[in-house]
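For reference, the chains in residue letters:
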Amino acid sequence: MKAILTVHNLASELVTTIWTPAFIAIFLAIIAYAFWPRNKEVFDEAARLPLREE
């Protein structure tokens, strides 16, 4: 039973030390992409798509 707890602790440490910062970095990259001024025109056009009458 002690070996299972050790593997669990190892997995927990792996998640907190590697994956959490990785997911935070990915999240911040997505936010930066969404608010980047160069992308404003593309997002504005996409926002008008449902209102377009064709």
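This text goes with the structure placed above it.
To start, this report covers the structure provided alongside it.

Conventions used here
- Residues numbered from 1 in each chain as written.
- Predicted model: local features only at pLDDT ≥ 70, side-chain atom pairs only at ≥ 80, totals over all residues.
- Heavy atoms only, no water.
- Helix = DSSP H or I, 4+ residues; strand = E, 2+ residues; numbered from the N terminus.
- Rg over C-alpha atoms; globule rule 2.2 N^0.38 Å.
- Buried < 20%, exposed > 50% of the residue type's maximum accessible area, 1.4 Å probe, protein only.
- Areas by Shrake-Rupley, 256 points an atom, 1.4 Å probe, with all protein chains shown as cover.
- Lys, Arg positive; Asp, Glu negative; His and termini not counted.
- Charge placed at Lys NZ, Arg CZ, Asp CG, Glu CD.
- Polar contact = N/O pair within 3.5 Å; in protein donor to acceptor, adjacent residues only side chain to side chain.
- Phe/Tyr/Trp six-rings, centres within 6.5 Å; stacked < 30°, edge-to-face > 60°.
- Salt bridge = Lys/Arg side-chain N within 4 Å of Asp/Glu carboxyl O.

## Overview of the overall build of the protein chain
Of regular secondary structure, the protein chain possesses two helices and zero strands. In summary, the protein chain has a C-alpha radius of gyration of 21 Å against a globular reference of 10 Å for 54 residues, an excess of more than 25%. The principal-axis extent of the C-alpha atoms belonging to the protein chain is close to 65 × 25 × 10 Å. Put simply, the protein chain has 54 residues, and 2% of those count as buried. Summed over its atoms, the accessible surface of the protein chain is roughly 5,300 Å², and 73% of this surface lies on carbon and sulfur atoms. Once the 5 positive and 6 negative side-chain charges of the protein chain are each reduced to a mean point, those two points are 9 Å apart.

## Let's talk about the side chain of N39
Mapped onto the elements, N39 comes out in the loop between helix 1 (2-35) and helix 2 (40-48). A distance of 2.8 Å separates a polar atom in the side chain of N39 from the backbone oxygen of Y33.

## Considerations on the packing of aromatic side chains
Under the criterion given, the structure shown has two aromatic pairs. Residues Y33 and F43 carry aromatic rings whose centres are separated by 5.9 Å and whose planes lie at 90° to one another, so their mutual orientation is edge-to-face. Taken together, the residues span a long stretch of sequence, with Y33 in helix 1 and F43 in helix 2 at a distance of 10 residues.

## Digging into the pattern of salt bridges
For the coordinates displayed, the defined rule picks out three salt bridges. It is possible to trace a salt-bridge network through shared partners that takes in E45, R48 and R52.

## Examining the environment of I26
Looking at the secondary structure, you find I26 in helix 1. Taking relative accessible area as the criterion, I26 reaches 46% and is therefore assigned partly exposed. C-alpha of I26 to C-alpha of W36: the two residues are 10 residues apart in sequence and 15 Å apart in space.

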